[in-house]
Amino acid sequence: MSSELFAAIGGWMLDGFNLVVLAYFISLNSVYLGMSLLAFGALRRYALRMQTEDVAELMAAVGMPPVTLLAPAHNEEATCVEATRSLLTLRYPEYDIIVINDGSKDRTLAVLQDAFELEKAARAPVATVPTAEVRAVLRSRRHPNLWVIDKANGGKADALNAGLNYCRTPLFCAMDADSLLEPDALTRIVRAFLEDSTTVAAGGVIRIVNGCRVRSGVVEEVRMPKNLLARIQVLEYLRSFLSGRMGWDALDATLIISGAFGMFQRSVVTEAGGYATDTVGEDMELVVRLHRYCREQGRPYRVAFVPDPVAWTECPESLRVLGRQRDRWQRGLVESMWRHRRMLLNPRYGRVGLLAFPYFFFLEVFGPIIEGLGYVAFLVAVILGRASMPYVVAFLAVAFALGIALSFAAIGLEELSFRRYPRFRDIVRLLGVAVIENFGYRQLSTFWRIRGMFAKLRGATAWGAMERRGFEATRGG
């Protein structure tokens, strides 16, 4: 084969792949645009309903179901006391708190004992989901509704299963031990179960606490973080929750509930087998499995997203720690999609099988590889002179300009709905971040996700340590 023919074939392959990349960006951003439009309508309808609906009357009529908060903690000495104090301030008539110390090697258990005067107490399990050894059950002398389970390390899912075994209420709220719930968060998220008795799970909104002023476990003032990486994550979370999850909820196809804040029917989760301990994405895997379980059992159900209950969480402020987190998220996504692959394009599983599952399977699992190779192919095409001006314009438009516009839309949804950032300069900073993140950060994020996929193929199971500064250290800019 002559060198000219070889070069021609290589050029055609490059051109063909670049068209595939364009198709990927168009498909991905079209879904994002559709979700944003659906979210706008859904948020507007939700706000109108809240204006006309007497929530207090609804709750008085049906009664407030008791709830148990499950908060796994592993090496959380910097944040566990402040987070637990925030749970004790919740405005809800009847609830238990179970903090599960999952074999921490730091002073997590000691600081909890000192802060809340814990002592050993009797509490019989009501379920038998297998877990690592439970060494002790403790109760606070100062707060009778606060319990701590001390157990051998088994991972977050195993800790949640231990808490599930000791949960006595019909509903439980799974959360992270380093998250702060707003005082009315439980009241707002329980509404999904009161309005629709078939609801088996509901997720709330996760927001970034970095930069906010926190006192006694309560976010007193919402402010933008000083750290640029944290600011980018603020924007990511706005896109993910207000645009993405609100849009999927409008389609009744919610596939993800964040492990940092979700409420579930205890009986259904127990029947489905509890949390899977052989995945690093136990939160998504459980929700996908609940969809599958209820569909296969012929059980009417709903998985909901509620846009106003909020949990505040500390996000990573270093590339190293953030990279580990995104690597783990991608591995968890791959595990969930592969484990339940029979749902893909299967009409038996309704809109989840026909819409949500294909989106996550094709665009979120394999998308990073296409996107990463696409950046390389674009540069090669430009260097070799094979990139025409229309192609360059089209690539920049769908890869960058449309992405910036979608971020602007997410900020607009925030301003039109909840306006958590009251300072004008914080909104300006978010708009600036919407531009900046596309040049360097987005490509780095794609690399982390690709790394996560290959780590999964190698059989990696590591969770990855998260570094915590503590809530009192957060100050705005």
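Owing to the predicted nature of the structure, the values given are computational and were not obtained by experimental measurement.

A. Quick look at the packing of helix α7 (residues 228–250) against helix α10 (residues 319–339). The contact between α7 and α10 brings their axes to 11 Å, and the two run at 25°. With respect to α10, the element α7 is oriented roughly parallel. Like other packed secondary-structure pairs, α7 and α10 cross with a definite hand, here left-handed. Residue-level inspection shows Leu 229, Gln 233, Glu 236 and Tyr 237 of α7 in contact with α10, the latter providing Leu 319, Leu 322, Gln 325, Arg 326 and Trp 329. Within the contact of α7 with α10, the residues separate by chemical class into five nonpolar, two polar and two charged.

B. Structural view of unusual backbone geometry. One non-glycine residue, Glu 117, lies in the positive phi region at around 50°. A relative accessible area of 32% places Glu 117 in the partly exposed class. Positive phi outside glycine occurs at Leu 345, with the angle close to 55°. Within the secondary structure layout, Leu 345 lies in the loop between α10 and α11 (350–365).

C. Inspection of the pairing of strand β8 (residues 199–208) at higher detail. Among the 10 residues of β8, 10 are classified as buried, and the element is accordingly described as predominantly covered. As paired strands, β8 and strand β12 (residues 302–313) are joined by eight bridges and run parallel to one another. Counterpart to Ile 206 in the pairing with β12 is Ala 311. Pairing between β8 and strand β11 (residues 261–265): three bridges, direction antiparallel.

D. Molecular detail of helix α12 (residues 367–384). With 18 residues, α12 extends 25 Å between its outermost C-alpha atoms, agreeing within 8% with the 26 Å of an ideal straight helix rising 1.5 Å per residue. For α12, the set of buried residues is Gly 367, Pro 368, Glu 371, Gly 372, Gly 374, Tyr 375, Ala 377, Phe 378 and Ala 381. In the segment just after α12, Gly 385 is the residue with positive phi, at about 75°.

E. Here's a closer look at the layout of surface pockets. What the second largest pocket holds in volume is close to 300 Å³. Along the wall of the second largest pocket there are 18 residues; nearest its centre are Tyr 46, Arg 49, Asp 249, Arg 302 and Phe 305. If you list the elements that add at least two residues to the lining of the second largest pocket, you get α1 (3–52), α6 (185–195), α7 and β12. Looking at the lining of the second largest pocket element by element, the count peaks at five residues for β12. Class assignment of the residues belonging to the lining of the second largest pocket gives a composition of nine nonpolar, one polar and eight charged.

F. Quick look at the packing of helix α9 (residues 282–297) against α10. With their axes 9 Å apart at the nearest point, α9 and α10 run at an angle of 20° to one another. In terms of axis orientation, α9 runs roughly parallel to α10. Taken as a pair, α9 and α10 cross one another with a handedness that is right-handed. Touching Met 284, Glu 285, Val 288 and Arg 292 of α9 are Leu 333, Ser 336, Met 337 and Arg 339, all from α10. Class assignment of the residues belonging to the contact of α9 with α10 gives a composition of four nonpolar, one polar and three charged.

G. Expanded view of the side chain of His 340. Relative to the helices and strands, His 340 is located in the loop between α10 and α11. With sequence-adjacent residues up to four places away left out, His 340 is seen in contact with Glu 285, Val 288, Arg 289, Arg 292 and Phe 357.

H. Structural context of the pattern of salt bridges. Inspection of the entire model under this criterion finds 35 salt bridges. Arg 141 is the partner of Glu 119 in a salt bridge, and the nearest nitrogen-oxygen pair spans 3.4 Å. With Glu 119 in strand β3 (residues 118–120) and Arg 141 in the loop between β4 (134–140) and β5 (146–151), this pair connects stretches of sequence that are 22 residues apart. Taking the relative accessible area as the measure of exposure, Arg 141 reaches 51% and is therefore exposed. Because the salt bridges share partners, they merge into one network encompassing Asp 184, Arg 188, Arg 191 and Asp 308.

So, how was this worked out
Residues numbered from 1 in each chain as written. Predicted model: local features only at pLDDT ≥ 70, side-chain atom pairs only at ≥ 80, totals over all residues. Heavy atoms only, no water. Axes fitted to C-alpha atoms, helices over the stretch in contact; angles between N-to-C directions. Helix = DSSP H or I, 4+ residues; strand = E, 2+ residues; numbered from the N terminus. Parallel < 35°, antiparallel > 145°, perpendicular 65-115°, else oblique. Left-handed = near helix turned anticlockwise from the far one by under 90°. Contact = heavy atoms within 4.5 Å. Nonpolar A, V, L, I, M, F, W, Y, C, P; charged D, E, K, R; others polar. Buried < 20%, exposed > 50% of the residue type's maximum accessible area, 1.4 Å probe, protein only. Pairing = 2+ DSSP bridges. Expected span 1.5 Å × (residues − 1). 1 Å grid on protein atoms, 1.4 Å probe; cavity = no way out; pocket = protein on both sides within 12 Å on 5 of 7 lines; lining within 4 Å. Points joined across faces, edges and corners; volume = space filled by probe spheres on them. Salt bridge = Lys/Arg side-chain N within 4 Å of Asp/Glu carboxyl O.

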